[in-house]
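Here's the letter readout for the chains.
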Amino acid sequence: MTFWSESTLEPARKYAFNVKIIDASGSESYNELSFLAKSVNKPTVETDVNEYRLINQIKKFPTIPKWNDITIKFVDTVDQPISKTLLKLMLGEKNPTTENWEANAISKYTSASGKSKEITNNFSLNIEQLNSKGEVKGEWEFKNPFIRSVNYGELEYSDDGFVEVEVIIAYDYAYLS
């Protein structure tokens, strides 16, 4: 039976989503990023297959699941540029210099004795999928997200389109609720 012949079923729409980014203290919510999110990849998980030979049979077993990075595309604005917000989320300062960032990265991931320490992220990330009434019908919660890459777009005289900022986020795993 097809979904359009069943009046109680509603297909999930691609355009009905929110991206929620909240700083670790919970004091600041980056709602402007949710509004400016143009597209987002939902999480993907994959596993490899190990084959074992047992006399005259081959048995296949899955390996440990691996979660792939997600990509979020934002539209940058002139009045409220998200570039600074993303830079702050990634590097942890307002206007970091290369020297400051290297020192912060070393102190963030290693203790004074040189041993690695537990990594604490400075934000949390959720993707909400909405129904036609704007109600949340599914929410992806990412564990230990961090910004792996930010592409601030390109400027071009021959194009009057929007400037897009592409963010690649790595994470340990995700929950769907």
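Calculation rules
Numbering of residues starts from 1 in each chain and follows the order in which that chain's sequence is written. Given that this is a predicted model, residues contribute local features only at a pLDDT of at least 70 and side-chain atom pairs are listed and counted only at 80 or more, while totals for whole chains, interfaces and linings are drawn from all residues. Water and hydrogen atoms were dropped before computing side-chain values, which therefore reflect all heavy atoms in the structure. Salt bridge, as used here, is a side-chain nitrogen of Lys or Arg placed within 4 Å of a carboxyl oxygen of Asp or Glu. Under the scheme used here, helices are H or I runs from DSSP no shorter than 4 residues and strands are E runs no shorter than 2 residues, and both carry numbers assigned from the N terminus. In this scheme, a residue with accessible area under 20% of its type's maximum is buried, one over 50% is exposed, and one in between is partly exposed, where area comes from a 1.4 Å probe on protein chains only. Contact between two residues is taken to exist if any of their heavy atoms lie within 4.5 Å; hydrogens are not considered.

Draft legend 1. Main features of the pattern of salt bridges. Counted according to the given criterion, the structure contains six salt bridges. Salt-bridge contacts for Glu139 lead to Lys20; the nearest nitrogen and oxygen are separated by 3.9 Å. Taken as a pair, Glu139 in strand E9 (residues 136-143) and Lys20 in strand E1 (residues 17-23) lie far apart in primary sequence, 119 residues in all. Given the relative accessible area of 18%, Glu139 is considered buried. The network of salt bridges with common partners includes Lys20, Glu128 and Glu139.

Draft legend 2. Quick look at the environment of Ser124. With respect to the helices and strands, Ser124 occurs in strand E8 (residues 123-130). The class of Ser124 is partly exposed, set by a relative accessible area of 32%. Spatially, the C-alpha atom of Ser124 lies 5.3 Å from that of Ile22, the residues being 102 residues apart in sequence. Aside from chain neighbours lying at most four places away, what touches Ser124 is Lys20, Ile21, Ile22 and Pro145.

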